[in-house]
Amino acid sequence: MKHNFLPGRRFVNLDVLNQEVLLWLERTANAKEHTTTHLVPDAEWQVEKQHLRPYEPLPYPISGTIGKDYHVRKDNTISYRGNFYTLPVGTYAGPGTQVVLEARENNLFLYAQDGKLLAGHLIESGKGIVVINNHHRRDISTKIRELQDSLMQQFTNQEQAGLFLESIHNRYPRYIRDQFLHVRDTINGCEQRLVDDALASCVDHHLFSSGEFHDILQHHRKQKDKQSHHAVFKAFRPKTLQSDLNKILSFVPESSTITTYEKILC
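Residues numbered from 1 in each chain as written. Predicted model: local features only at pLDDT ≥ 70, side-chain atom pairs only at ≥ 80, totals over all residues. Heavy atoms only, no water.

Overview of the overall build of the protein chain
Stated precisely, the cut-off is as follows: Only DSSP runs of H or I covering at least 4 residues are called helices, and only runs of E covering at least 2 are called strands; the numbering of each starts at the N terminus. For every residue, the accessible area (1.4 Å probe, protein chains only) is compared with the maximum for its type, and the residue is labelled buried under 20%, exposed over 50%, or partly exposed between those bounds. Contacts are assigned to residue pairs with any non-hydrogen atoms lying within 4.5 Å of each other. All accessible-area figures derive from a Shrake-Rupley calculation using a 1.4 Å probe, and residue coverage is judged against the displayed protein chains alone.
Helix and strand content of the protein chain: 9 helices and 7 strands. Considering the protein chain as a whole, with its 266 residues, one finds that 25% of them fall into the buried category. Contacts in the protein chain between residues far apart in sequence, at least 24 positions, make up 48% of those at least 6 positions apart. For the protein chain, the computed accessible surface area is about 19,900 Å², with 54% contributed by carbon and sulfur atoms.

Here it is as C-alpha coordinates:
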(Lines give C-alpha, C1' and ligand atoms only; values in the text may rest on other atoms or scores of the structure.)
Protein backbone atom coordinates (compact mmCIF):
# COMPACT_ATOMS: atom_id res chain seq x y z
CA MET A 1 0.00 0.00 0.00
CA LYS A 2 2.54 2.57 1.14
CA HIS A 3 5.27 1.87 -1.39
CA ASN A 4 3.29 0.52 -4.35
CA PHE A 5 -0.23 1.92 -4.36
CA LEU A 6 0.06 5.43 -2.90
CA PRO A 7 3.24 6.92 -4.48
CA GLY A 8 2.41 9.29 -7.35
CA ARG A 9 -1.33 8.85 -6.98
CA ARG A 10 -3.52 11.95 -7.14
CA PHE A 11 -5.68 12.32 -4.03
CA VAL A 12 -9.28 13.40 -4.64
CA ASN A 13 -11.03 12.26 -1.47
CA LEU A 14 -11.22 9.20 0.77
CA ASP A 15 -14.16 7.61 -1.05
CA VAL A 16 -12.34 7.72 -4.39
CA LEU A 17 -9.12 6.47 -2.75
CA ASN A 18 -10.97 3.50 -1.19
CA GLN A 19 -12.50 2.59 -4.56
CA GLU A 20 -9.11 2.83 -6.26
CA VAL A 21 -7.37 0.67 -3.69
CA LEU A 22 -9.99 -2.08 -4.00
CA LEU A 23 -9.49 -2.11 -7.76
CA TRP A 24 -5.71 -2.13 -7.26
CA LEU A 25 -5.97 -5.10 -4.88
CA GLU A 26 -8.14 -6.96 -7.37
CA ARG A 27 -5.97 -6.41 -10.44
CA THR A 28 -2.47 -6.15 -8.95
CA ALA A 29 -1.70 -6.94 -5.32
CA ASN A 30 -3.82 -10.09 -5.05
CA ALA A 31 -3.90 -11.12 -8.70
CA LYS A 32 -0.22 -11.17 -9.66
CA GLU A 33 2.44 -13.69 -8.70
CA HIS A 34 4.41 -12.72 -5.59
CA THR A 35 8.08 -12.18 -6.44
CA THR A 36 9.31 -14.01 -3.33
CA THR A 37 6.85 -16.88 -2.87
CA HIS A 38 5.98 -17.15 -6.60
CA LEU A 39 2.37 -17.70 -5.56
CA VAL A 40 -0.74 -15.71 -6.41
CA PRO A 41 -2.28 -14.35 -3.15
CA ASP A 42 -5.88 -14.62 -4.29
CA ALA A 43 -5.40 -18.23 -5.45
CA GLU A 44 -3.83 -19.14 -2.11
CA TRP A 45 -6.70 -17.47 -0.26
CA GLN A 46 -9.23 -19.58 -2.16
CA VAL A 47 -7.42 -22.71 -0.92
CA GLU A 48 -6.86 -21.57 2.66
CA LYS A 49 -10.34 -20.26 3.40
CA GLN A 50 -11.80 -23.74 2.91
CA HIS A 51 -9.95 -24.80 6.07
CA LEU A 52 -11.03 -21.89 8.28
CA ARG A 53 -13.42 -22.46 11.17
CA PRO A 54 -15.58 -20.00 13.13
CA TYR A 55 -13.94 -18.44 16.15
CA GLU A 56 -14.82 -20.17 19.42
CA PRO A 57 -13.61 -18.77 22.74
CA LEU A 58 -11.79 -21.11 25.10
CA PRO A 59 -14.14 -22.85 27.55
CA TYR A 60 -11.89 -21.79 30.45
CA PRO A 61 -9.75 -18.72 31.22
CA ILE A 62 -6.01 -18.99 30.65
CA SER A 63 -5.45 -17.49 34.10
CA GLY A 64 -7.81 -16.32 36.77
CA THR A 65 -5.99 -12.99 37.11
CA ILE A 66 -5.22 -11.90 33.54
CA GLY A 67 -7.14 -8.79 32.68
CA LYS A 68 -8.79 -8.55 36.09
CA ASP A 69 -9.58 -5.10 37.48
CA TYR A 70 -8.31 -4.29 40.95
CA HIS A 71 -9.23 -1.29 43.08
CA VAL A 72 -6.41 1.10 43.97
CA ARG A 73 -6.19 2.04 47.65
CA LYS A 74 -5.64 5.59 48.86
CA ASP A 75 -1.99 4.81 49.65
CA ASN A 76 -1.40 3.83 45.98
CA THR A 77 -1.34 0.09 46.57
CA ILE A 78 -3.47 -2.88 45.55
CA SER A 79 -4.29 -5.91 47.65
CA TYR A 80 -3.55 -9.26 46.00
CA ARG A 81 -3.79 -12.62 47.80
CA GLY A 82 -3.24 -11.12 51.23
CA ASN A 83 -0.30 -8.87 50.31
CA PHE A 84 -0.05 -5.25 49.20
CA TYR A 85 1.85 -4.05 46.11
CA THR A 86 2.81 -0.45 45.48
CA LEU A 87 1.95 1.72 42.50
CA PRO A 88 3.52 5.06 41.48
CA VAL A 89 2.49 8.15 43.44
CA GLY A 90 -0.56 9.72 41.84
CA THR A 91 -2.11 6.49 40.55
CA TYR A 92 -4.98 6.82 43.01
CA ALA A 93 -7.36 9.40 41.51
CA GLY A 94 -10.28 9.08 43.89
CA PRO A 95 -12.85 6.39 44.69
CA GLY A 96 -13.30 3.89 41.90
CA THR A 97 -9.71 4.07 40.62
CA GLN A 98 -8.80 0.71 39.12
CA VAL A 99 -5.82 -0.94 37.47
CA VAL A 100 -5.61 -4.12 35.44
CA LEU A 101 -3.69 -6.93 37.10
CA GLU A 102 -1.88 -9.70 35.25
CA ALA A 103 0.02 -12.56 36.92
CA ARG A 104 2.61 -14.46 34.89
CA GLU A 105 4.54 -17.23 36.60
CA ASN A 106 5.98 -15.53 39.71
CA ASN A 107 5.56 -11.96 38.48
CA LEU A 108 2.79 -9.44 38.98
CA PHE A 109 2.13 -6.73 36.38
CA LEU A 110 -0.16 -3.76 36.94
CA TYR A 111 -1.50 -1.72 34.01
CA ALA A 112 -3.52 1.45 33.64
CA GLN A 113 -6.86 1.17 31.87
CA ASP A 114 -5.24 2.36 28.61
CA GLY A 115 -2.71 -0.51 28.74
CA LYS A 116 0.25 1.48 30.07
CA LEU A 117 2.46 -0.60 32.37
CA LEU A 118 2.55 1.02 35.82
CA ALA A 119 4.43 -1.49 37.96
CA GLY A 120 5.95 -4.95 38.11
CA HIS A 121 6.61 -6.99 41.26
CA LEU A 122 7.69 -10.44 42.31
CA ILE A 123 4.74 -12.22 43.94
CA GLU A 124 5.20 -12.77 47.67
CA SER A 125 4.11 -16.10 49.14
CA GLY A 126 3.46 -14.80 52.68
CA LYS A 127 0.58 -12.76 54.07
CA GLY A 128 0.29 -9.13 55.14
CA ILE A 129 3.51 -8.11 53.35
CA VAL A 130 3.80 -4.70 51.70
CA VAL A 131 5.90 -5.14 48.55
CA ILE A 132 7.48 -1.75 47.89
CA ASN A 133 9.24 -0.33 44.88
CA ASN A 134 11.00 2.71 46.37
CA HIS A 135 10.82 4.51 43.03
CA HIS A 136 7.03 4.53 43.36
CA ARG A 137 7.30 6.62 46.53
CA ARG A 138 9.13 9.42 44.75
CA ASP A 139 7.11 12.22 43.25
CA ILE A 140 9.31 13.00 40.24
CA SER A 141 6.80 15.38 38.66
CA THR A 142 8.30 18.37 40.55
CA LYS A 143 11.83 17.59 39.37
CA ILE A 144 10.64 17.12 35.81
CA ARG A 145 8.90 20.49 35.91
CA GLU A 146 12.05 22.11 37.28
CA LEU A 147 14.07 20.54 34.47
CA GLN A 148 11.55 21.80 31.93
CA ASP A 149 11.66 25.32 33.37
CA SER A 150 15.46 25.37 33.29
CA LEU A 151 15.45 24.24 29.66
CA MET A 152 13.09 27.06 28.71
CA GLN A 153 15.69 29.55 29.90
CA GLN A 154 18.12 28.22 27.28
CA PHE A 155 15.95 29.61 24.45
CA THR A 156 15.39 33.22 23.47
CA ASN A 157 11.76 32.72 22.43
CA GLN A 158 10.12 31.55 25.65
CA GLU A 159 6.72 31.06 24.02
CA GLN A 160 8.10 28.73 21.35
CA ALA A 161 10.21 26.89 23.92
CA GLY A 162 7.18 26.34 26.17
CA LEU A 163 5.14 24.94 23.27
CA PHE A 164 8.01 22.70 22.15
CA LEU A 165 8.78 21.24 25.58
CA GLU A 166 5.13 20.79 26.55
CA SER A 167 4.48 18.96 23.26
CA ILE A 168 7.39 16.61 24.00
CA HIS A 169 5.97 16.05 27.49
CA ASN A 170 2.57 15.10 26.07
CA ARG A 171 4.08 12.88 23.39
CA TYR A 172 6.57 10.97 25.57
CA PRO A 173 5.21 11.05 29.16
CA ARG A 174 7.04 7.85 30.13
CA TYR A 175 10.39 8.97 28.74
CA ILE A 176 10.14 12.69 29.39
CA ARG A 177 13.23 12.85 31.62
CA ASP A 178 15.41 11.21 28.95
CA GLN A 179 13.90 13.50 26.30
CA PHE A 180 14.63 16.66 28.29
CA LEU A 181 18.16 15.55 29.18
CA HIS A 182 18.87 14.85 25.51
CA VAL A 183 17.68 18.35 24.59
CA ARG A 184 19.89 19.82 27.32
CA ASP A 185 22.95 17.89 26.14
CA THR A 186 22.27 18.87 22.53
CA ILE A 187 22.26 22.63 23.20
CA ASN A 188 25.11 22.55 25.74
CA GLY A 189 27.89 24.79 24.44
CA CYS A 190 26.09 25.53 21.19
CA GLU A 191 25.75 29.00 19.69
CA GLN A 192 22.52 30.69 20.78
CA ARG A 193 21.45 31.63 17.25
CA LEU A 194 21.71 28.00 16.11
CA VAL A 195 19.70 26.84 19.13
CA ASP A 196 16.95 29.36 18.40
CA ASP A 197 16.91 28.53 14.68
CA ALA A 198 16.59 24.80 15.44
CA LEU A 199 13.74 25.48 17.85
CA ALA A 200 11.88 27.59 15.28
CA SER A 201 12.29 24.88 12.63
CA CYS A 202 10.98 22.16 14.95
CA VAL A 203 7.93 24.20 15.94
CA ASP A 204 7.19 25.22 12.34
CA HIS A 205 7.35 21.59 11.15
CA HIS A 206 5.73 20.05 14.25
CA LEU A 207 8.84 18.03 15.15
CA PHE A 208 8.42 17.39 18.85
CA SER A 209 11.16 15.05 20.04
CA SER A 210 14.71 15.42 21.31
CA GLY A 211 16.08 13.30 18.46
CA GLU A 212 14.50 15.49 15.79
CA PHE A 213 15.70 18.63 17.58
CA HIS A 214 19.23 17.21 17.63
CA ASP A 215 19.14 16.45 13.90
CA ILE A 216 17.78 19.89 13.02
CA LEU A 217 20.42 21.61 15.14
CA GLN A 218 23.19 19.60 13.47
CA HIS A 219 21.80 20.58 10.07
CA HIS A 220 21.89 24.29 10.97
CA ARG A 221 25.42 23.88 12.33
CA LYS A 222 26.64 22.28 9.08
CA GLN A 223 25.02 25.02 7.03
CA LYS A 224 26.76 27.67 9.13
CA ASP A 225 30.13 25.89 8.76
CA LYS A 226 29.71 25.80 4.97
CA GLN A 227 28.93 29.51 4.86
CA SER A 228 31.91 30.30 7.08
CA HIS A 229 34.32 28.30 4.92
CA HIS A 230 32.97 29.92 1.77
CA ALA A 231 33.42 33.39 3.26
CA VAL A 232 37.02 32.58 4.27
CA PHE A 233 37.97 31.42 0.78
CA LYS A 234 36.17 34.34 -0.82
CA ALA A 235 38.02 36.86 1.35
CA PHE A 236 41.41 35.20 0.85
CA ARG A 237 43.88 37.55 -0.81
CA PRO A 238 47.43 36.14 -1.19
CA LYS A 239 50.23 38.62 -0.55
CA THR A 240 53.03 38.26 -3.15
CA LEU A 241 55.86 40.70 -3.78
CA GLN A 242 55.73 42.39 -7.19
CA SER A 243 59.22 41.12 -8.03
CA ASP A 244 58.23 37.53 -7.23
CA LEU A 245 55.00 37.95 -9.16
CA ASN A 246 56.95 39.14 -12.25
CA LYS A 247 59.19 36.07 -12.00
CA ILE A 248 56.18 33.77 -11.82
CA LEU A 249 54.50 35.43 -14.79
CA SER A 250 57.68 35.39 -16.91
CA PHE A 251 58.62 31.82 -16.07
CA VAL A 252 58.97 29.60 -19.13
CA PRO A 253 59.27 25.85 -18.58
CA GLU A 254 61.99 23.89 -20.33
CA SER A 255 61.03 22.07 -23.49
CA SER A 256 62.53 19.30 -25.58
CA THR A 257 62.65 18.79 -29.32
CA ILE A 258 61.17 15.77 -31.03
CA THR A 259 64.64 14.60 -32.09
CA THR A 260 65.53 13.95 -28.47
CA TYR A 261 62.77 11.33 -28.18
CA GLU A 262 63.56 9.87 -31.62
CA LYS A 263 67.14 9.16 -30.54
CA ILE A 264 65.93 7.41 -27.38
CA LEU A 265 63.42 5.21 -29.22
CA CYS A 266 65.70 4.28 -32.10
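A few points about the pattern of salt bridges
Spelled out, the test is: Whenever a carboxyl oxygen of Asp or Glu lies within 4 Å of a side-chain nitrogen of Lys or Arg, that contact is scored as a salt bridge.
Following the criterion strictly, the structure yields 8 salt bridges and no others. Here Glu102 and Arg104 are joined by a salt bridge, their closest N and O atoms 2.7 Å apart. For Arg104, a relative accessible area of 37% gives the class partly exposed. With a shortest N-O distance of 3.6 Å, Glu212 and Arg171 are connected by a salt bridge. Placement of Glu212 in helix α7 (residues 210–235) and of Arg171 in helix α4 (residues 158–171) is noted, with a sequence separation of 41 residues between them. A relative accessible area of 26% places Glu212 in the partly exposed class. Each member of the salt-bridge network shares a partner with another, and the members are Glu191, Arg193, Asp197 and Lys224.

Some details on the sheet that holds strand β5 (residues 107–111)
Just so we agree on the cut-off: Here, any two strands with at least 2 DSSP bridges between them count as paired. Helix axes are fitted only over the stretch in contact, all axes being lines through C-alpha atoms; the angle between N-to-C directions runs from 0 to 180 degrees.
Ordered by their spatial adjacency, 4 strands build an open sheet running β1-β4-β5-β6, and the pairing between neighbours is antiparallel. At either margin of the open sheet sits one strand with a lone partner, and together these are β1 (68–71) and β6 (117–122). Shown here is a sheet whose adjacent strand axes are inclined to one another by a mean of 30°, direction ignored. As judged from the 5 bridges shared by β5 and β6, these two strands associate in the antiparallel manner. Directly across from Leu110, in β6, lies its bridge partner Ala119.

Looking at the pairing of strand β3 (residues 83–86)
Two elements, strand β2 (residues 77–80) and β3, share 4 bridges in a ladder whose sense is antiparallel. Note that in β3 the partner of Ile78 across the bridge is Tyr85. Here β2 folds back onto β3 in antiparallel fashion, the turn holding 2 residues, of which Arg81 has a positive phi close to 50°. Two strands pair when backbone bridges link them, and β3 and strand β7 (residues 130–131) are joined in this way by 2 bridges, in the parallel orientation. Bridge assignment links Phe84 to a residue of β7, and that residue is Val130.

Brief notes about the environment of Ala93
If you trace the backbone, Ala93 turns up in the loop between β3 and β4 (98–104). Exposure remark for Ala93: the relative accessible area of 69% places this residue in the exposed category. Taking the C-alpha atoms as reference, Ala93 lies 9.7 Å from Arg73; in sequence the two are 20 residues apart.

What to know about the sheet that holds β2
The sheet built from 3 strands is open, its strands ordered β2-β3-β7 with mixed pairing. Single-partner strands in this sheet number two, and they are β2 and β7.

Considerations on the nonpolar core
Which entries qualify depends on this criterion: Here, the term nonpolar core denotes a set of buried Ala, Val, Leu, Ile, Met, Phe, Trp, Tyr and Cys residues that are joined through side-chain atoms within 4.5 Å.
Of all hydrophobic cores here, the largest spans 24 residues; its most connected members are Phe155, Phe164, Ile168, Phe180, Leu199 and Phe213. Where this core is concerned, the elements lending two or more residues are α3 (141–152), α4, α5 (176–187), α6 (192–204) and α7. Take this core: its biggest share by element is 6 residues, from α6. Here Ile168 is in contact with Ile176, Gln179, Phe180, Val183, Phe208, Ser209 and Ser210, once residues within four sequence places are set aside. Membership of the second largest hydrophobic core comes to 16 residues, among which are Tyr80, Tyr85, Leu87 and Val99.

Some remarks on helix α1 (residues 14–29)
Put simply, the test is: The span expected for a helix works out to 1.5 Å for each residue beyond the first. As used in this structure description, the phrase polar contact means that two N or O atoms lie within 3.5 Å; if the pair is within protein, one of them must be able to donate a hydrogen and the other to accept it, and residues adjacent in sequence are counted only when both atoms belong to side chains.
Under the 1.5 Å per step criterion, the end-to-end length of α1 is only 20 Å for 16 residues, more than 12% shorter than the ideal 22 Å. Its side-chain oxygen placed 3.1 Å from the backbone nitrogen of Asp15, Asn13 serves as the N-cap of α1.

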